[in-house]
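Chain residues, written in single-letter form:
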Amino acid sequence: MARKGNKTGEWARRHINDPYVKKATSQGYRSRAVFKFKEIDDQDNLVRPGMVVVDLGSAPGGWSQYIARKFGDKVTVIAIDLLDMEPIEHVHFIKGDFQDEAVLEAVDKLLNGRKIDLVISDMAPNITGVRSVDEAQYEGLLDSVLYFCECRLKQNSHLLVKLFEGSAAHYYRREVKSRYKSGVVRKPGASRSKSREYYFLAKNRTP
Ligand SMILES: C[S@@+](CC[C@H](N)C(=O)[O-])C[C@H]1O[C@@H](n2cnc3c(N)ncnc32)[C@H](O)[C@@H]1O
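Description of the structure in this document. Treat the numbers as computed from the prediction; the structure is a model and nothing was measured. (Residues numbered from 1 in each chain as written. Predicted model: local features only at pLDDT ≥ 70, side-chain atom pairs only at ≥ 80, totals over all residues.)

**A few points about the overall build of the protein**
Item 1. In terms of helices and strands, the protein carries 7 helices and 7 strands.
Item 2. Starting at the N terminus and walking to the C terminus, you meet the elements of the protein as α-α-α-β-α-β-β-α-β-α-β-α-β-β.
Item 3. Scaling as 2.2 N^0.38, a compact globule of 207 residues should have a C-alpha radius of gyration of about 17 Å, and the protein matches this with 17 Å.
Item 4. Projected onto the principal axes, the alpha-carbon positions of the protein cover approximately 55 × 40 × 35 Å.
Item 5. Buried residues in the protein amount to 33% of all 207 residues.
Item 6. Counting contacts in the protein only where the partners sit at least 6 residues apart, residues at least 24 apart contribute 61% of the total. (Helix = DSSP H or I, 4+ residues; strand = E, 2+ residues; numbered from the N terminus. Rg over C-alpha atoms; globule rule 2.2 N^0.38 Å. Buried ≥ 20, exposed ≤ 12 C-beta atoms within 10 Å, placed from the backbone. Contact = placed C-beta atoms within 7 Å.)

Here it is in structure tokens:
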């Protein structure tokens, strides 16, 4: 128990002293994650006026907030999360699992025949601690992201997805790459160097 307490204290101390947390708070952003997306967007010029963007695993809302602040109603943002999210002006929020039929129907209703230009996913599965279960859940989640893109993305659209180092991610990158013209790895400054997470950006979906 004591060890758990120490770990929580360590996390809280690191969180309070984190420059990205301070920056997010001072700029009125809901999460430090916003700076991961901002850095990738600055480098790759991902979001442009007129686009339809789907933010998978959007809560608390940093990424959606960033796009809405930058583009207002010039970009359509559909944000989806299992958890509640405080409303953001110009962002359509759907609460639920993006794999559920009801959520997919709500997305299609909002799209109203339009196709998506960009899918961004910062999702990670809930960790149970049982390795085989966690890996299966992670792979299932990644497959569902690909399936979601298959059905709704425009030709030449892009996908930005969070991955964790390991063989599943390696295999997944190959899978994604075969469907897009290019794929690059991004590890933004706000993504802690000790963390196994990184982002994979696939550009220009092929027919
Ligand atoms: C790291 S947070 C996202 C942070 C967000 N990018 C931001 O800037 O505030 C990951 C989110 O993914 C959500 N998530 C995980 N699996 C999901 C699923 N199957 N469907 C919808 N949301 C999911 C979690 O509820 C969590 O809120």
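**Observations regarding the pairing of strand S5 (residues 153-164)**
Item 1. One ladder, built from 5 bridges, connects strand S4 (residues 116-121) with S5; its direction is parallel. The partner of Ile116 across the bridge, within S5, is Leu153.
Item 2. Traced from S4 through helix H6 (residues 131-152) to S5, the parallel crossover comes out right-handed.
Item 3. In terms of strand pairing, S5 meets strand S7 (residues 197-205) through 6 bridges, oriented antiparallel. Bridged to Leu160 within S7 is Leu201. (Pairing = 2+ DSSP bridges. Right-handed = clockwise from strand over helix to strand, strands pointing away.)

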